[in-house]
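# Structural characterization, general
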Amino acid sequence: MSGILNVGEIVAAQARLRPDRIGTRDSRRALTFAQWNARACRLANALAGSGLRPGDRVGLLAYNRVEWMEIYVALAKAGLVAVPINFRLVAPEIRYIAEHSGAKALIVQDALAPVVEPLRSELAIPRASWIRIGDAPVAGWSDYEALLAKASDREPDVRVKAEDAWALMYTSGTTGRPKGAIRNHRGSALISLVTALDMGLTADDTALLVMPMCHANSLYFAFTFTHLGATCVIDDRRSFDPEALLATLSANRATFTSLVPTHYVMALGLPAAVRARHDVACVRKLMISSAPARKDTKLAILDQFRNSELYELYGSTEAGWVTLLRPDEQIEHLGSVGREWTGSGPVRMLDHAGRDVADGAVGELHSRTPYAFDGYLNDPAKTREAMRDDGYVSVGALARRDERGCIHLVVRKSNMIISGGENVYPAEGENILGSHSGVRDVAVSGVPHETWGEAVQGGVVLQDGVRATEAEMLEWCRGRIAGFKRPRSIVFIAESEMPRTATGKIQHRVLRERYAAPRTRWS
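Throughout this document, residue positions are counted from 1 along each chain, in the order its sequence is written. The predicted nature of this model means local features are confined to residues of pLDDT at least 70 and side-chain atom pairs, given and counted, to a pLDDT of 80 or more, with totals for whole chains, interfaces and linings taken over all residues. Hydrogens and waters are ignored; side-chain quantities use all the structure's heavy atoms.

Turning our eyes to something else, we now look at the sheet that holds strand E16 (residues 339–340). Think of it this way: DSSP has to see at least two bridges between two strands before they count as a pair. Numbering goes from the N terminus for both helices and strands, where a helix is a DSSP run of H or I of at least four residues and a strand is a run of E of at least two. Across the sheet, which stays open at both edges, the nine strands sit in the order E2-E1-E11-E10-E12-E13-E14-E15-E16 with mixed pairing between neighbours. Pairing within the sheet leaves two strands with one partner each, and these edge strands are strand E2 (30–32) and E16. Relative to strand E15 (residues 320–325), strand E14 (residues 309–316) runs antiparallel, the two being bridged by five bridges. Among the inter-strand pairings, Gly315 is bridged to a residue of E15, identified as Trp321. Residues are treated as being in contact if the distance between any of their heavy atoms lies within 4.5 Å. Axis angles are defined between N-to-C directions and span 0 to 180 degrees, where every axis is a line fitted to C-alpha atoms and, for a helix, only to the segment in contact. Helix-sheet contacts for helix H2 (residues 33–49) involve strand E1 (22–25) and E2, and the interaxial angle to E2 is about 95°.

The criterion for a disulfide is a pair of cysteine sulfur atoms lying within 2.5 Å. The full count for this structure, using the stated rule, is zero disulfides. Its sulfur unpaired, Cys282 is 15 Å from the next cysteine sulfur, which belongs to Cys232. The exposure class assigned to Cys282 is buried, which follows from its relative accessible area of 13%. Relative accessibility thresholds used throughout: buried, under 20% of the residue-type maximum; exposed, over 50%; partly exposed, between the two (1.4 Å probe, protein chains only).

In this section: helix H10 (residues 261–268). Among the eight residues that make up H10, six are buried, leaving the element largely enclosed by the rest of the structure. Of all the positions in H10, only Pro261, Thr262, His263, Tyr264, Ala267 and Leu268 are classed as buried. Elements that come into contact with the buried residues of H10 comprise helix H9 (242–251), strand E12 (256–259), helix H11 (272–276), strand E13 (285–288), helix H12 (295–304) and strand E23 (439–449).

Attention now moves to the packing of aromatic side chains. Note on ring pairs: Phe, Tyr and Trp rings are taken, using the six-membered ring of Trp, and paired if centres are within 6.5 Å. Classes follow the plane angle, with under 30 degrees stacked, over 60 edge-to-face and the rest tilted. Scanning all chains against the criterion turns up 13 aromatic pairs. Aromatic pair Tyr72 and Phe223: ring centres 6.1 Å apart, planes at 85°, arrangement edge-to-face. Taken as a pair, Tyr72 in helix H3 (residues 67–78) and Phe223 in helix H8 (residues 216–228) lie far apart in primary sequence, 151 residues in all. On the basis of an interplanar angle of 75° and a centroid distance of 5.6 Å, the ring pair of Trp166 and Phe223 is categorised as edge-to-face. Within this pair, whereas Trp166 is found in strand E8 (residues 165–170), its partner Phe223 is found in helix H8, the two being separated by 57 residues in sequence. An aromatic cluster is present here, built from Tyr220, Phe221, Phe225, Phe256, Trp321 and Trp341 joined pairwise through their rings. The criterion is that NZ of a Lys, or CZ of an Arg, lies within 6 Å of the ring centre and within 35 degrees of the ring normal, and then a charge sits over that ring. For the cation-ring pair, Arg120 lies above Trp141, with the distance from its terminal atom to the ring centre recorded as 4.6 Å. In this structure, Lys179 packs its charged tip against the face of Tyr376, placed 5.2 Å from the ring centre.

Interhelical geometry of helix H1 (residues 7–17) versus H3 gives an angle of 110° and a closest axis separation of 7 Å. As judged from the angle between their axes, H1 and H3 are roughly perpendicular. Across from Val7, Gly8, Val11 and Ala12 in H1, the residues of H3 making contact are Tyr72, Val73, Ala76 and Lys77. Partitioned by chemical class, the residues of the contact of H1 with H3 number six nonpolar, one polar and one charged. Note on angle classes: values under 35 degrees are labelled roughly parallel, values over 145 roughly antiparallel, values of 65 to 115 roughly perpendicular, and the remainder oblique. In the scheme used here, Gly and all other residues not listed as nonpolar or charged are polar, with Ala, Val, Leu, Ile, Met, Phe, Trp, Tyr, Cys and Pro taken as nonpolar and Asp, Glu, Lys and Arg as charged.

With that settled, the discussion passes to H2. The end-to-end C-alpha separation of H2 is 24 Å, in line with the 24 Å expected for 17 residues at 1.5 Å each. All of the buried residues along H2 are Phe33, Trp36, Asn37, Arg39, Ala40, Cys41, Leu43, Ala44, Ala46 and Leu47. One or two positions beyond H2, positive phi appears at Gly51, with a value near 110°. To estimate how far a helix should reach, multiply one less than its number of residues by 1.5 Å.

Here is the structure:
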């Protein structure tokens, strides 16, 4: 057997070493490691008792709550595979994931049950395997707490190997249907250990998990802290509240959280008097992920969180963490996503023929990480596109390496704009528009143009109280960027209307579709 422990074994070990320490909590309930392990064992045994066998897949649909931590651990103990489903999806999208994954059970939070009710008669999931998390039993559903109450808290008698699948993570599907990325137990353990090593995390830390628990970011960070015997606090608010973030950090004496730039901007936009009410001196490490942050945002973060170091990462569901911009590099290497994580091979930028490009030139980013995925479920063609024979993985990001070895993301291949035969990378226009003091957020995308194929369009979210015109924004760009890269039209977008994934990434594809009417001239 492998010497690498899966998360079910890790929680069992912590229950022996630190039985009375709080392992995880949300606003409703706190669980010691001993309680957490016992409940996970009960759930694992209940699922096995319902007829599920090692390797079967279990769909999970819930807002952030402590049960996610129980379920992930229980499935590892039982040799079952987690299929986390984004709570923002609608019934047809959920049906696709459930059918494609071959899910044999579905665990659903009561508030989201109405979304899946129409699927009850369509999916090949036994009646007893529709499991509902809620305050009271509901006819036609197996009650989550009742299942646990009737099951044994003994460790399941299941042999789980390090190479066995643990999670099937469905990507956002920017180029079509979502793909199921297979993540195994060995990769989960290795990414946890590398994260702790590279960031200097310890058992004395307390993590606040704000990002959706159905997403790889929270999954990877959660079990990093679990490996260490540290506490994970689950932010169970259904929508982001910037003042509540500060209050929760303070109340739980949290030392770490991972947020997207939009979250930071919202928190920093609170009145100074509001921010001053919350003592965040406990925070010592902050992560920026999923999207790049501007210099003024980073400086404001460091001013608000005076005792904290700031990190920024780039990664993917498939490759795991790829690069890390460390605290001493934040300003000097602004715009970069840093260098490789400890234990990873060198990042390579390759041209269309698979040849390395020179430093400074743009190529398709390929990474070699010790915790990469095992391929896409039932999709050998897409797996071959993503995985080279030499162990390198690509998700279609274009990037360049500078003279100091730092990696600069340019764009996903699917988001690149081709205008008049020239390749235009949205990040360049976004950097220019984003440097305007009145701009809170920005996304550049291509819109159809009858002459040039595509024209560059900027989508701008203004700071509160700021007024601006399209002409003013276009003039700001003039002279700051080459003409073929310069936005030729501007649309002003409310913050709530900027299309984003569950983790805050801007969906350029949605913007392209929204403004797809062809133009015959540039403004």
